[in-house]
Amino acid sequence: MDRYDAVLVGAGIMSSTLASLLHALDPGLRLLLVERLEGPALESSAAVNNAGTGHAANCELNYTPQQPDGSVATAKALSINAAFERSLEFWASLAAKGLLDPASFLHQVPHLSLVWGHDDVAFLQQRHQQLSQLPAFSAMQWSVDASEIADWMPLVMEGRRRDQPLAATRIERGVDLDFGSLTRALLQPLQTAGALEVCFGTGVQGLNRLRTPAMTSGDWQVELKGPSGRRSVQAPFVFLGAGGGALPLLQSSGIPEAADYAGFPVSGQWLVCGKSALVDRHHAKVYGKAKVGAPPMSVPHLDTRWIDGQRSLLFGPYAGFSSKFLKTGSLLDLPLSVRATNLLPMLQVGVNNLSLVKYLINQLRQSETDRMEALRAFLPEARDADWSLSVAGQRVQIIKRTQDGGKLQMGTEVVTAADGSLAALLGASPGASTSVRIMLEVLERCFASQLASDGWQQRLNALIPSYGQDLNADAQLLVNTRQRSDALLGLNT
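Small disclaimer: the values here were computed from a predicted structure and weren't measured. (Residues numbered from 1 in each chain as written. Predicted model: local features only at pLDDT ≥ 70, side-chain atom pairs only at ≥ 80, totals over all residues. Heavy atoms only, no water.)

**Here's the deal with a nonpolar patch on the surface**
On the surface, Val338, Leu343, Leu344 and Leu347 cluster together to form a nonpolar patch covering roughly 350 Å² of accessible area. Here Leu344 shows up in helix 10 (residues 343-352). What makes Leu344 exposed here is its relative accessible area of 54%. (Patch = residues over 30% accessible without salt bridge, like charges linked within 9 Å, V, L, I, M, F, W, Y side chains within 5 Å. Areas by Shrake-Rupley, 256 points an atom, 1.4 Å probe, with all protein chains shown as cover. Salt bridge = Lys/Arg side-chain N within 4 Å of Asp/Glu carboxyl O. Helix = DSSP H or I, 4+ residues; strand = E, 2+ residues; numbered from the N terminus. Buried < 20%, exposed > 50% of the residue type's maximum accessible area, 1.4 Å probe, protein only.)

Structure (structure tokens):
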């Protein structure tokens, strides 16, 4: 009874998505979910620990970097947009089966980009010109008219200088997501069906490969410590989806692939406003342009946000530094992750990213007055008394050893053992929004033979009808996919 078909570590949006997919594809699988904390989605997936933006590259300017010739690169934006459509498609299928209530985790809210100054206005105009010609972004609106922009975001325009060059883009089909509520909603039917055993308050103490003749070849032995004491379980597959905690677990696995990775933790803070007189007058996620050297998670934005059903305004994030890999982690997380194989790449990243180091130092030195000044760039008439500081989740950016030296990678990356018996997810944004695509990648790399079977293919195509097809290469397929998702999730377009 201590052998499972898969052990998933970390009860966040990634493990819950993978568990949901595995159960849908093979209801007979016996799954174990292990979580160090006392409940699901209490770290990065918790609504209070992230911005909740359904990342589709509608408004995030860092997904379309400017090129030397003045154009913008669109490949990443198209990739992220298609990945988010995969998530919507999967959630829509679960909603159609009565397994998800979209209203419990999803709210429609327009996604906007806002810039000021001649150079940034020119950048945004170029971005709009290129993206609006693509089917994925054909609904993107553009404006330099102050009155029209004021209709889109009245609070943002109040008290703003009228002689300031200003531009904005808008896509109405945007969403705010409560990934904590979504995580719990994904896990509940699996537990009810008896397909998933969940152990809260339980940490992984050891991760070892069994190779003795008496044991099933290739199984992993996972040593656990929980409220009932120590326990040892076995499984042919282990998924490490523990957020920042995935890197130390990956290193403890001993697989050769782990040697290429290190982590750089970045903390964050938000300014939050719950005053209804202000909250009710702003209905948008408004993204600006990041400062030079800022990590992607530090792109400034003013958001309409729903947390546990309560609407509020959120501005930030303000970046900081902590050596913890998790919000509830240890200050020793970073130093204990240093190995002979990743020390040099970490030093190379530090030398080659001095602008980032300088940015983080300046963020750490910020006072309350400094933070309010940054907010007033978005809300000129913001009052100190209306806003309070909230600590966001911890993110661990990827440092990877390459032939060209250590590289700081933004985004997420799946690391797998050569035989597909173990997978770990490293990195940060836009992870949660693209969780379905990422977990499909895990299936493709670790369950390749099962995924090639007729049974799995039929079930997967029923869940994600566009699976295996390129949404960006087939405009009509994109339209059909969006219409289906919008109808089942209650989105108005």
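Continuing now.
**Structural notes on the sheet that holds strand 10 (residues 220-226)**
Strands sit in the order 9-10-11 across an open sheet of three strands; the sheet is antiparallel. Each edge of the sheet is formed by a strand with only one pairing partner; in this case those strands are strand 9 (203-209) and strand 11 (229-235). Taken over all neighbouring pairs, the strand axes of this sheet differ in orientation by 20 degrees on average, direction set aside. When strand 10 meets strand 11, the two strands line up antiparallel, connected through seven bridges. When the bridges of strand 11 are listed, Gln221 appears paired with Gln234. (Pairing = 2+ DSSP bridges. Axes fitted to C-alpha atoms, helices over the stretch in contact; angles between N-to-C directions.)

**Brief notes about the sheet that holds strand 1 (residues 6-9)**
What the six strands build is an open sheet, ordered 8-2-1-12-21-20; its pairing is mixed. Each edge of the open sheet is held by one strand with a lone partner, namely strand 8 (196-199) and strand 20 (412-416). Sheet twist, expressed as the mean angle between neighbouring strand axes with direction ignored, is 15 degrees. Across four bridges, strand 1 lies against strand 2 (residues 31-34) in parallel orientation. Among the inter-strand pairings, Leu8 is bridged to a residue of strand 2, identified as Leu33. On the sheet, helix 1 (residues 13-25) packs against strand 1, strand 2, strand 12 (238-240) and strand 21 (422-427) and is oriented at approximately 160 degrees with respect to strand 1. Sitting on the sheet, helix 7 (residues 246-253) touches strand 1, strand 12, strand 20 and strand 21, and the angle it makes with strand 21 is about 145 degrees. (Contact = heavy atoms within 4.5 Å.)

**A word on the pattern of salt bridges**
Scanning the entire structure with this criterion turns up 20 salt bridges. Between Arg86 and Glu89 there is a salt bridge, and its shortest N-O distance comes to 3.9 Å. Residue Arg86 and its partner Glu89 are both found in helix 2 (residues 75-96); the two are separated by three residues, about one turn of the helix. We note that Arg86, like Glu89, is buried.

**Points about the packing of helix 2 against helix 13 (residues 435-446)**
Describing two packed helices takes the angle between their axes plus the distance from one axis to the other. With their axes 7 Å apart at the nearest point, helix 2 and helix 13 run at an angle of 90 degrees to one another. By the angle class used here, helix 2 and helix 13 are roughly perpendicular. Side by side, helix 2 and helix 13 meet where Ser79, Ala83, Arg86, Ser87, Phe90 and Trp91 of the first sit next to Ser435, Val436, Arg437 and Leu440 of the second. Taken together, the residues of the contact of helix 2 with helix 13 break down into five nonpolar, three polar and two charged. (Parallel < 35°, antiparallel > 145°, perpendicular 65-115°, else oblique. Nonpolar A, V, L, I, M, F, W, Y, C, P; charged D, E, K, R; others polar.)

**Some details on the packing of aromatic side chains**
Applying the stated criterion across every chain yields a total of eight aromatic pairs. For the pair Phe237 and Phe447, a centre-to-centre distance of 4.9 Å together with 70 degrees between the ring planes defines the contact as edge-to-face. With Phe237 in the loop between strand 11 and strand 12 and Phe447 in the loop between helix 13 and helix 14 (448-451), this pair connects stretches of sequence that are 210 residues apart. Seen from their ring centres, Phe264 and Phe321 are 6.0 Å apart, and the 35 degrees between their planes marks the pair as tilted. Taken together, the residues span a long stretch of sequence, with Phe264 in strand 13 (residues 261-273) and Phe321 in the loop between strand 16 (310-320) and helix 9 (333-337) at a distance of 57 residues. (Phe/Tyr/Trp six-rings, centres within 6.5 Å; stacked < 30°, edge-to-face > 60°.)

**Description of the environment of Val9**
Mapping Val9 onto the fold places it in strand 1. On the accessibility criterion, Val9 (7% relative accessible area) is buried. The spacing of Val9 and Glu197 is 188 residues in sequence and 12 Å in space, taken between C-alpha atoms. Excluding residues within four positions of it along the chain, Val9 makes contact with Ser15, Val34, Val204, Phe239, Leu240, Gly241, Ala242 and Leu249.

**A word on the environment of Leu224**
Within the secondary structure layout, Leu224 lies in strand 10. In this structure, Leu224 is in contact with Leu32, Val34, Thr202, Gly203, Val204, Gln205, Gly229, Arg230, Arg231 and Val233, ignoring residues within four places of it in sequence.

**Let's talk about the nonpolar core**
Of all hydrophobic cores here, the largest spans 55 residues; its most connected members are Leu18, Leu22, Trp91, Phe237, Phe239, Val442 and Leu443. Ignoring any residue separated from it by four or fewer positions in sequence, one finds Phe239 in contact with Val7, Leu8, Val9, Met14, Ser15, Leu18, Ala423, Leu425, Met439 and Val442. Val9, Trp220, Leu240 and Ile399 belong to the second largest nonpolar core, which has 42 residues in total. (Core = buried A, V, L, I, M, F, W, Y, C linked by side-chain atoms within 4.5 Å.)

**With respect to unusual backbone geometry**
With an omega of -5 degrees, the peptide bond between Gly316 and Pro317 qualifies as cis. Mapped onto the secondary structure, Pro317 falls in strand 16. One non-glycine residue, Ala57, lies in positive phi territory at about 65 degrees. Relative to the helices and strands, Ala57 resides in the loop between strand 2 and helix 2.

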